[in-house]
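Residues per chain, in single letters:
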Amino acid sequence: MLNNKLRKNLTPWIEEYMGISFSKLSDTEVPIFLTKRQIGSGDGERKDLIAIEIEGKRGLVVSNESLLPELESLIDRLDPTTIYSSYGFFEMSRITLEYGISVWGPDWFLFCDNETVNTQTDPRVEQVDNIELSAVDYGEFWHCDPQALTGFAIRQGENIAALATLTKRNEPVYEIGMDVSQSQQGTGLGRAVVSSAAQWVLKNGDIPMAVLSPFNIPSMRTLTSSGLRYLFQSMSGATEEFRVPPQPLGMPRPNTKMYNHYPDWAINNQILPKKKR
């Protein structure tokens, strides 16, 4: 759990991300707000819609007034819990796609402080500068930010095997992006580079953050073992192509046999391959 001091320090950042005051959120419904403020900039991308749930309080914020009537009708019909799901983003996108806006989510936002961070250090971790980051293959390390301020890496020979990048996301937050090469996944390298990145942020008086989706079980395990803790979830809408999440990643324990619950003929064959970055 995050302590109250950290939660208080993050309140201005969360309000900037939402585009509204925290006090406007509700624990009984999902109120909808129109704002002229920029929303979503705290995670690096400007959004047209944000539906947030934090500590049992919820709210939906939009920047396009034309969305209000149909979204209000939809929210009135849905149980609040179902909004923060694949069903929720499909139903909201039925409305928003007419305006070129695709909804995605939920995304989980994790943070840490000096009480939760993993303080262990791995001597293999090295800080990498912008020149070295510019040579990274971001097709492989695609959760990392090519525009990052700095990064922390572990090499296998001459090649980077694990990388955590740091990007400023409004005061006082730095976002951690992390990837491990396919051949080294599950070896603890991700925890080592994420922990080093989080320690660096905290030593500079700022707050580490990571954002991921619920299907990414390996990354969630890595982030929590590095000391990051869940604070809130968010659905977001932006002017981009409509994306869908994959099947759950990882497995509950090594060598678990996993089976599709649905037969092959029931799998959604209308989903196109991911666009190349």
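Residues numbered from 1 in each chain as written. Predicted model: local features only at pLDDT ≥ 70, side-chain atom pairs only at ≥ 80, totals over all residues. Heavy atoms only, no water.

Trainee: Before we go on, may I ask you to explain the sheet that holds strand 8 (residues 173–180) in this structure?
Mentor: Pairing between the strands of a sheet is mediated by backbone hydrogen bonds and can be parallel or antiparallel. Taken in spatial order, the 10 strands line up as 1-3-2-10-4-9-8-7-6-5 in an open sheet, and their pairing is mixed. The sheet is open, and its two borders are formed by strand 1 (32–34) and strand 5 (126–128), each paired with just one other strand. Averaged over all pairs of adjacent strands, the angle between their axes in this sheet comes to 30 degrees, without regard to strand direction. For strand 4 (residues 102–111) and strand 10 (residues 229–238), the ladder comprises 8 bridges, and the chain directions are antiparallel. Counted as the bridge partner of serine 102 is alanine 238 from strand 10. Strands strand 1, strand 2 (49–54) and strand 3 (57–62) of the sheet are contacted by helix 2 (residues 68–77), whose axis makes an angle of about 165 degrees with strand 1. Running over the sheet, helix 4 (residues 86–96) touches strand 2, strand 3, strand 4 and strand 10 and is turned about 135 degrees from strand 4. (Pairing = 2+ DSSP bridges. Helix = DSSP H or I, 4+ residues; strand = E, 2+ residues; numbered from the N terminus. Axes fitted to C-alpha atoms, helices over the stretch in contact; angles between N-to-C directions. Contact = heavy atoms within 4.5 Å.)

Trainee: When you look at the packing of helix 2 against helix 4 in this model, what are you seeing that I'm missing?
Mentor: Two measures define how a pair of helices packs: the angle their axes make with one another and the distance between the axes. Helix 4 packs onto helix 2 with a crossing angle of 155 degrees between their chain directions and a minimal axis gap of 9 Å. The angle between the axes of helix 2 and helix 4 places the two elements in the roughly antiparallel class. For helix 2 against helix 4, the interelement crossing comes out right-handed. Within the contact between the two elements, helix 2 uses Glu70, Leu71 and Leu74 and helix 4 uses Glu91, Met92 and Ile95. Looking at the contact of helix 2 with helix 4 residue by residue, the class counts come to 4 nonpolar, no polar and 2 charged. (Parallel < 35°, antiparallel > 145°, perpendicular 65-115°, else oblique. Left-handed = near helix turned anticlockwise from the far one by under 90°. Nonpolar A, V, L, I, M, F, W, Y, C, P; charged D, E, K, R; others polar.)

Trainee: For this particular structure, what's the right way to read the side chain of glutamine 233?
Mentor: When you line up the elements, glutamine 233 lands in strand 10. A relative accessible area of 10% means that glutamine 233 is categorised as buried. Side-chain polar atoms of glutamine 233 contact the side chain of glutamate 53, separated by 2.4 Å. When near neighbours in sequence (up to four residues on either side) are disregarded, glutamine 233 contacts Ala51, Ile52, Glu53, Tyr84, Pro106, Asp107 and Trp108. (Buried < 20%, exposed > 50% of the residue type's maximum accessible area, 1.4 Å probe, protein only. Polar contact = N/O pair within 3.5 Å; in protein donor to acceptor, adjacent residues only side chain to side chain.)

Trainee: Can you help me understand the packing of aromatic side chains in this one?
Mentor: Two aromatic rings are characterised by how far apart their centres lie and by the angle between their planes. Summed over all chains, the structure comprises 14 aromatic pairs. Their ring planes at 90 degrees and their centres at 6.0 Å tell us that tyrosine 174 and tryptophan 200 sit as a pair that is edge-to-face. Of this pair, tyrosine 174 sits in strand 8 while tryptophan 200 sits in helix 6 (residues 189–203); the two residues are 26 residues apart in sequence, bridging distant segments of the chain. A relative accessible area of 10% means that tyrosine 174 is categorised as buried. By relative accessible area, tryptophan 200 is classed as partly exposed at 22%. Three or more aromatic residues joined by ring pairs make a cluster, and in this case those are Trp13, Tyr17, Phe109, Phe111 and Phe232. Its guanidinium or amino end placed over the ring of phenylalanine 22, arginine 7 lies 4.3 Å from that ring's centre, counting from NZ or CZ. Its end group placed over the ring of tryptophan 104, arginine 243 keeps NZ or CZ at 4.6 Å from the ring centre. (Phe/Tyr/Trp six-rings, centres within 6.5 Å; stacked < 30°, edge-to-face > 60°. Lys NZ or Arg CZ within 6 Å of the ring centre and 35° of its normal.)

Trainee: Sorry if this is basic, but what is going on with the packing of helix 6 against helix 7 (residues 217–225) here?
Mentor: Packing of helix 6 against helix 7 brings their axes to within 8 Å, and their N-to-C directions diverge by 45 degrees. The orientation of helix 6 with respect to helix 7, classified from their angle, is oblique. In this structure, the crossing between helix 6 and helix 7 has a hand that is right-handed. Contacts between helix 6 and helix 7 involve Gly190, Arg191 and Val194 on the former and, on the latter, Thr222, Leu223 and Ser225. Residue composition of the contact of helix 6 with helix 7, by class: 2 nonpolar, 3 polar and 1 charged.

Trainee: Help me out: how do you make sense of helix 7 in this one?
Mentor: Spacing of three or four residues puts side chains on the same side of an α-helix, whose turn is 3.6 residues. If you check which residues of helix 7 are buried, you get Ser219, Met220, Thr222 and Leu223. Viewed along the axis of helix 7, the buried residues span an arc of 165 degrees, placing them on a single side of the element. Tucked into the core, helix 7 has its buried residues touching strand 4, strand 8, helix 6 and strand 9 (207–212). Downstream of helix 7 by one or two residues, glycine 227 has phi in the positive range, about 110 degrees. (Arc of directions from axis to C-beta.)

Trainee: Explanation requested: the state of the cysteines in the structure shown.
Mentor: One covalent bond between the sulfur atoms of two cysteine residues makes up a disulfide. Tallied over the entire structure, the rule returns 0 disulfides. Among the cysteines around cysteine 112, which has no disulfide bond, cysteine 144 carries the closest sulfur, lying 17 Å off. With a relative accessible area of 0%, cysteine 112 lands in the buried category. On the basis of relative accessibility, which here comes to 2%, the residue cysteine 144 falls in the buried class. (Disulfide = S-S within 2.5 Å.)

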